[in-house]
Amino acid sequence: MTRMLPPFLLLVLALVALACEPAGDAPNGPSPPTGYDVPFLGEAELKDELDGLCTRARATGRPLLIEFSAAWCSDCRRLHQMKQAPALASELAAWPRLVVNVGRFDRHRSLLAALGVESIAHWEILAPTHCAEPVAAWPSLAKRTLEVSSGAARHLSPEDLAGWLAKFRLGDAD
């Protein structure tokens with residue numbers, strides 16, 4: 001005689017099976033959407049990248065740009081698309097810059113806290129004076145949260161962003 005399991009037990013077993021499924025390739029959930037190619041960095045890798053970024057910025061006498069981003073963020077994905085436009089792509093090519101994937105705000109918390117980053121997509125323009133100093137000690141020239149899909153920055157075009165960045169790169173910012 002076949003014995004049937006109670007329905008609630010079947011539900012519990014199904015939920016356990018789903019919870020055991022792999023979440024995807026990325027350490028914090030599903031793989032990023034197609035075209036979003038910002039890798040996760042470990043803390044040591046981030047430090048090395050920031051050291052190199054500082055060195056490049058100091059060698060050119062220009063400020064540097066740190067972009068805080070994540071694959072789940074609709075503003076970040078829209079900004080990623082905007083960066084393909086010729087004017088913004090050209091301007092960004094002139095910058096020492098780093099895109100930091102913050103995951104679900106569970107990565108690089110000390111850097112986020114040091115720079116006061118509370119939301120993304122967030123761009124921070126810094127003028128490092130001494131690369132041996134912590135990032136939080138580098139003078140901040142500007143910071144901007146770019147909610148280009150969901151918020152106040154919806155009206156910004158790639159050309160607007162390129163112009164904003166150029167003012168700081170050229171030292172013409174107010």
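Reading guide: rules and limits
- Residues numbered from 1 in each chain as written.
- Predicted model: local features only at pLDDT ≥ 70, side-chain atom pairs only at ≥ 80, totals over all residues.
- Heavy atoms only, no water.
- Pairing = 2+ DSSP bridges.
- Helix = DSSP H or I, 4+ residues; strand = E, 2+ residues; numbered from the N terminus.
- Axes fitted to C-alpha atoms, helices over the stretch in contact; angles between N-to-C directions.
- Contact = heavy atoms within 4.5 Å.
- Buried < 20%, exposed > 50% of the residue type's maximum accessible area, 1.4 Å probe, protein only.
- Polar contact = N/O pair within 3.5 Å; in protein donor to acceptor, adjacent residues only side chain to side chain.

(A) Geometry of the sheet that holds strand β3 (residues 122-126). Pairing is mixed in the open sheet, where four strands are placed in the order β2-β1-β3-β4. The two strands at the open ends of the sheet, each matched to only one other strand, are β2 (97-101) and β4 (140-145). Put simply, the sheet's adjacent strands are angled 15 degrees from each other on average, direction ignored. Pairing between β3 and β4: five bridges, direction antiparallel. By the bridge assignment for β4, L126 is matched with S140. The sheet strands contacting helix α6 (residues 158-169) are β1 (64-69), β3 and β4, and the helix crosses β3 at an angle near 20 degrees.

(B) A look at the side chain of H122. Relative to the helices and strands, H122 is located in strand β3. Judged by its relative accessible area of 5%, H122 falls in the buried class. Of note is the side chain of H122, whose polar atom sits 3.0 Å from the side chain of E124. Among residues more than four places away in sequence, those in contact with H122 are I66, E67, F68, V117, K143, R144 and T145.

(C) Region of the structure containing the environment of D51. Along the chain, the position of D51 falls in helix α2 (residues 43-60). Residue D51 is classed as partly exposed on the basis of its relative accessible area, which comes to 29%. Here the alpha-carbon distance between D51 and A132, two residues 81 residues apart in the chain, equals 8.0 Å.

(D) Highlighting the pairing of β3. Most of β3 is tucked away, with five of its five residues classed as buried. Burial of the side chains of β3 extends over both faces: H122, E124 and L126 are buried on one face and W123 and I125 on the other. Sheet analysis places β1 next to β3, joined by five bridges and oriented antiparallel. If you follow I66 over to β3, its bridge partner there is E124.

(E) Quick peek at unusual backbone geometry. A cis amide bond links I120 to the next residue, A121, at an omega of 0 degrees. Summarising the element assignment, A121 is placed in the loop between α5 (109-115) and β3. Although it is not a glycine, F105 sits at a positive phi angle of roughly 65 degrees. Tracing the backbone shows F105 in the loop between β2 and α5. In the Ramachandran plot, H108 falls in the positive-phi region, its phi being about 55 degrees despite a non-glycine side chain.

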